[in-house]
Each structure stands twice: as C-alpha cells, then as structure tokens.
Amino acid sequence: MFSDIGALELVTLVVLAVLVFGPDKLPKVIQDVSRFIRKIREFSDSAKQDIRSELGPEFKDFEFEDLNPKTFLRKQLEGNEDLRDLKELRGTFDLRKEMNEVADAVHGRETTPAPSAAPAAVNGSPDLLKKQDKPDAGERPPYDSDAT
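Since the structure is predicted, the reported quantities are computational estimates derived from the model, not experimental observations.

*Asks:* Is there a simple way to think about the overall build of the protein in this case?
*Replies:* Along its length, the protein carries four helices and two strands. Listing every helix and strand of the protein by position from the N terminus yields α-α-α-α-β-β. In the protein, which comprises 148 residues, the proportion classed as buried is 5%. Accessible surface for the protein amounts to roughly 14300 Å². Of this, 59% is attributable to carbon and sulfur atoms.

*Asks:* What's the story with helix H1 (residues 7-55) in this structure? I'm lost.
*Replies:* A turn of α-helix holds 3.6 residues, and therefore any two residues three or four places apart point the same way. Relative to the 72 Å expected for 49 residues at 1.5 Å per residue, H1 spans just 43 Å between its end C-alpha atoms, considerably shorter than the ideal helical length. Of all the bends found along H1, the most pronounced is centred on Lys25 and spans about 100°, while Pro27, a proline, follows it within four residues. Just beyond H1, the residue with positive phi is Gly56, at close to 100°.

*Asks:* I tried to follow the confidence of the model for the protein on my own but got confused; where do I start?
*Replies:* Any region with low pLDDT has predicted coordinates that should not be read closely. Scored by pLDDT, the protein comes out at a mean of 77, with 76% of its residues at no less than 70. At the level of individual helices and strands, the protein shows its lowest average pLDDT in strand E1 (residues 121-122), which scores 52, and its highest in H1, which scores 91. In the predicted structure, residues 113-120 sits below a pLDDT of 50 and forms five contacts with residues beyond four places in sequence or in another chain.

*Asks:* Can you help me understand a nonpolar patch on the surface in this one?
*Replies:* Together, Ile5, Leu10, Leu13, Val14 and Val18 make up a nonpolar patch on the protein surface, roughly 400 Å² of accessible area in all. For Val14, the location among the structural elements is in helix H1. With a relative accessible area of 47%, Val14 lands in the partly exposed category.

*Asks:* Honestly, helix H4 (residues 95-107) in this entry has me stumped. Any pointers?
*Replies:* Compared with an ideal rise of 1.5 Å per residue, which puts 13 residues at 18 Å, H4 spans 18 Å between its outermost C-alpha atoms and is within 8% of the ideal. Within two residues after H4, Gly108 carries a phi angle of roughly 80°, on the positive side.

*Asks:* Is there a simple way to think about the pattern of salt bridges in this case?
*Replies:* Side chains that carry opposite charge are capable of pairing whenever their charged atoms lie near each other. Counted under the stated rule, the structure contains two salt bridges. The partner of Lys28 in a salt bridge is Asp32, and the shortest N-O contact between them spans 3.3 Å. Linking Lys28 with Asp32, this pair stays in helix H1, spanning four residues, or about one helical turn. Residue class for Lys28 comes out partly exposed when judged on its relative accessible area of 48%. Using a relative accessible area of 32% as the deciding quantity, one classes Asp32 as partly exposed. We note a salt bridge from Asp32 to Arg35, for which the minimum N-O separation is 3.2 Å. Of the two residues, Asp32 and Arg35 are both situated in helix H1; the distance of three residues between them amounts to about one turn of the helix. Among the charged side chains, a network of salt bridges with common partners joins Lys28, Asp32 and Arg35.

How each quantity is defined
- Residues numbered from 1 in each chain as written.
- Predicted model: local features only at pLDDT ≥ 70, side-chain atom pairs only at ≥ 80, totals over all residues.
- Heavy atoms only, no water.
- Helix = DSSP H or I, 4+ residues; strand = E, 2+ residues; numbered from the N terminus.
- Buried < 20%, exposed > 50% of the residue type's maximum accessible area, 1.4 Å probe, protein only.
- Areas by Shrake-Rupley, 256 points an atom, 1.4 Å probe, with all protein chains shown as cover.
- Expected span 1.5 Å × (residues − 1).
- Bend = angle between axes of the 7 residues up to and from the residue.
- pLDDT = per-residue confidence, 0-100.
- Contact = heavy atoms within 4.5 Å.
- Patch = residues over 30% accessible without salt bridge, like charges linked within 9 Å, V, L, I, M, F, W, Y side chains within 5 Å.
- Salt bridge = Lys/Arg side-chain N within 4 Å of Asp/Glu carboxyl O.

Okay, structure coming up:
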C-alpha cells in the first residue's frame, strides 16, 4: 500500500504527526486510524463476497483486478502473435538514435563525414546547416525579418 514512500517521507510524516497531535494523543490517534482501516477492509471484502455470490458459478474465477484496463489488456494479449510482432518492430526502432540525428542537424554537426565540401549556397538559398562565420567588429549581422 505504501511501497512508494521513502524513508525521508516516512520520517517527515512521523514528525508532522507528533507536532500536530502531540506525543500524548498520538497512540490513541494511531489506534483509531488502524481500527478505521480495518473496518474499511472488512466492508470491502464482504462487498466482494456478495458480488461474487450474486454473479453465480459461471463467474467463479472472476477477479476484481481484471476491471483495471491495464490488467485486462495484459491478460488478453498474453501469448498473442501480433503482440510479438509489435515487440519485434519496437526493438528495431531506436528513438534515441533518431533524436541524436535531429539534434546534430539542428546544431550543424555532421553525423557522417561528407565526401567533399558542400557549397555555401545551393540554388541561391543559404546552407542552413552550415555554421555561420562571425562578422567582423565593424560589420553588422544580417537582418532577418522573419526572426524578429
């Protein structure tokens, strides 16, 4: 139930409980809370038994955990051949490699060495992947109306 609570969170909760309830009332509060949780569990178990008895013998292997969509899908897809094909397809796709290639293209780094130097402009348009030279001290940088 509390498997995702770490040691630091647990210590924080204990200190907070001592500060809020005080060391005198804390044992009584713990007993009341544990009694309340026990009653809720008993109520839940009796409700589950009532539902199972009302469903009849054809639902004798019914589990309430099956109502969770993830669990239901996992059980339905268990041993399905299409699922194995999807796992093979997923294994061939390397998202990290694709993202690195896109990042290299954005930053102007080459992933594979080019056989010859690429021209600065192709068909009159500048090469956007080539890193621009810094302008001289007196020269103004080019103005891009789309960027402003």
